[in-house]
Amino acid sequence: MRTGLYISGVGLSLDAMIGQVRAAAEAGLDSAFFSQLTSWDVLTVLALSAQHVPGVDLGTAVVQTYPRHPLALAGQALTAQAATGNRLTLGIGPSHQQIIEGQFGHSYDRPARHIREYLSVLRPLLRGEHVEYRGQTLSAAGQVAVPGAEPPSVLISALGPVMLRVAGELADGTVTVWTGPEAIAGHIGPAITRAASEAGRPAPRIVATVLASVTADPDGARRQVDEQVGFAARFPSYRALLDRQGMSGVHETVVAGDETAVARAFRQYAEAGATELLVSPLGGEREQARTLELLASLRDET
């Protein structure tokens, strides 16, 4: 199982984000992934980070699709791919109705159909092919050419059965959130692997993002997450996933405790079939450092 750092970028300066990428590389991790919020443009941040930090893969988890036409995203992603020396993983997703309609003003109609059509346009564009497409949710005509850029690996934020089928058929894998090892072993992994196999595609990447803290106060770490992002449990896709796991809120997915407990949880993700583990360290500076140190120590083992 590959290991990486998951960076939200909230409240961080550009230098601080590049510093976190450098910390991931110095710790010997495989990758550093950024989330796309209404703040920094993460593909630009990745391109800039690559100029300062060699030897670590870079990714997005995830860029929202509805506000970005695939022709525009293809050009931006291939530019970042060229800037990173072909180290990019492009994670994309439809986001949530509350965000797409409430913040961006776009219709959130038929998200699974939208993602299927989006990938049908985006993947050939990333290969440099000319596209003529007229679908139910989008249309596109054109080509994107960026010399030196290879097609990046594409993941989608697939959690439910329909989206996992799309991910297996048309993408290179899924990137999950609020997902414990049991859900990966019993639901995520089998569904996407079966879809990929039936479509004649390679075994998919299963990238699990986890909030974690090596701490003497695990209840405090979970309480912090509940206070800051507990509202996420109200999003339908997350609510369905949490219900499937028998959980009341996203804070219950937090991995927290001493080194032994956190290491055991990380190993369980590997045993469940996750191909990559992205960790977002929680707590104070010392707790975050201990979490990163533990993740680095387990890299070769897992």
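Before reading on, note that the structure itself is shown above.
Undergrad: Where do I start with the overall build of the protein in this structure?
TA: Across its full length, the protein holds 11 helices and 12 strands. A globule of 302 residues ought to have a C-alpha radius of gyration of about 19 Å, and the protein, at 18 Å, matches this closely. Here the protein holds 302 residues, and the buried ones make up 52% of them. Of the contacts formed within the protein by residues at least 6 apart in sequence, a portion of 72% connects residues at least 24 apart. Accessible surface computed for the protein: about 12,700 Å², of which carbon and sulfur atoms make up 49%. Positive and negative charge centroids in the protein, built from 24 and 30 side chains respectively, lie 5 Å apart.

Undergrad: Can you help me understand the nonpolar core in this one?
TA: The nonpolar side chains of a soluble globular protein tend to be buried, and buried together. Ile 92, Ile 156, Phe 266, Tyr 269 and Leu 277 are the most contacted members of the largest nonpolar core, which totals 70 residues. By size, the runner-up hydrophobic cluster in this structure holds 17 residues, among which are Leu 159, Ala 221, Val 225 and Tyr 238.

Undergrad: Would you take a moment to explain the packing of helix 5 (residues 111-126) against helix 6 (residues 161-170) for this structure?
TA: Angle between the axes and distance between the axes: these two values describe a pair of packed helices. Relative to each other, helix 5 and helix 6 sit at 10°, their axes nearing to 10 Å. The orientation of helix 5 with respect to helix 6, classified from their angle, is roughly parallel. Read as a crossing pair, helix 5 and helix 6 show a hand that is right-handed. Facing Ala 112, Ile 115, Arg 116, Leu 119, Ser 120 and Arg 123 of helix 5, the residues of helix 6 in contact are Val 162, Met 163, Val 166, Glu 169 and Leu 170. In terms of residue class, the contact of helix 5 with helix 6 is built from seven nonpolar, one polar and three charged.

Undergrad: Would you mind going over the pattern of salt bridges with me for this structure?
TA: For the structure on display, the rule yields 11 salt bridges. The residue Glu 276 makes a salt bridge to Arg 205 at a minimum N-O spacing of 2.7 Å. One end of the pair, Glu 276, is in strand 12 (residues 276-281); the other, Arg 205, is in strand 10 (residues 205-214), with 71 residues separating them in the sequence. For the pair shown, Glu 276 and Arg 205 are each scored as buried. The closest approach of N and O atoms between Glu 259 and Arg 290, which form a salt bridge, is 3.1 Å. Placement of the pair is Glu 259 in helix 10 (residues 259-272) and Arg 290 in helix 11 (residues 285-298), with a sequence separation of 31 residues. Since its relative accessible area comes to 33%, Glu 259 is described here as partly exposed. A single salt-bridge network, built from bridges that share partners, covers Arg 2, Asp 30, Asp 57, Arg 205 and Glu 276.

Undergrad: Help me out: how do you make sense of the layout of surface pockets in this one?
TA: A probe matching the size of a water molecule, rolled over the atoms, marks out where space remains unfilled. In this structure, the second largest pocket encloses a volume near 210 Å³. Lining of the second largest pocket is provided by 15 residues; of these, Thr 253, Val 254, Val 255, Ala 265 and Gln 268 occupy positions nearest its centre. Mapped by element, the contributors of at least two residues to the lining of the second largest pocket are helix 7 (181-198), strand 11 (255-257) and helix 10. For the lining of the second largest pocket, the element with the most residues is helix 10, which contributes five residues. Class assignment for the residues of the lining of the second largest pocket results in eight nonpolar, three polar and four charged.

Undergrad: Looking at this structure, I do not really get the environment of Phe 33. What am I missing?
TA: Relative to the helices and strands, Phe 33 resides in strand 2 (residues 31-34). Residues Phe 33 and Leu 46, spaced 13 residues apart in sequence, show a C-alpha to C-alpha distance of 8.6 Å.

Rules and cut-offs
Residues numbered from 1 in each chain as written. Predicted model: local features only at pLDDT ≥ 70, side-chain atom pairs only at ≥ 80, totals over all residues. Heavy atoms only, no water. Helix = DSSP H or I, 4+ residues; strand = E, 2+ residues; numbered from the N terminus. Rg over C-alpha atoms; globule rule 2.2 N^0.38 Å. Buried < 20%, exposed > 50% of the residue type's maximum accessible area, 1.4 Å probe, protein only. Contact = heavy atoms within 4.5 Å. Areas by Shrake-Rupley, 256 points an atom, 1.4 Å probe, with all protein chains shown as cover. Lys, Arg positive; Asp, Glu negative; His and termini not counted. Charge placed at Lys NZ, Arg CZ, Asp CG, Glu CD. Core = buried A, V, L, I, M, F, W, Y, C linked by side-chain atoms within 4.5 Å. Axes fitted to C-alpha atoms, helices over the stretch in contact; angles between N-to-C directions. Parallel < 35°, antiparallel > 145°, perpendicular 65-115°, else oblique. Left-handed = near helix turned anticlockwise from the far one by under 90°. Nonpolar A, V, L, I, M, F, W, Y, C, P; charged D, E, K, R; others polar. Salt bridge = Lys/Arg side-chain N within 4 Å of Asp/Glu carboxyl O. 1 Å grid on protein atoms, 1.4 Å probe; cavity = no way out; pocket = protein on both sides within 12 Å on 5 of 7 lines; lining within 4 Å. Points joined across faces, edges and corners; volume = space filled by probe spheres on them.

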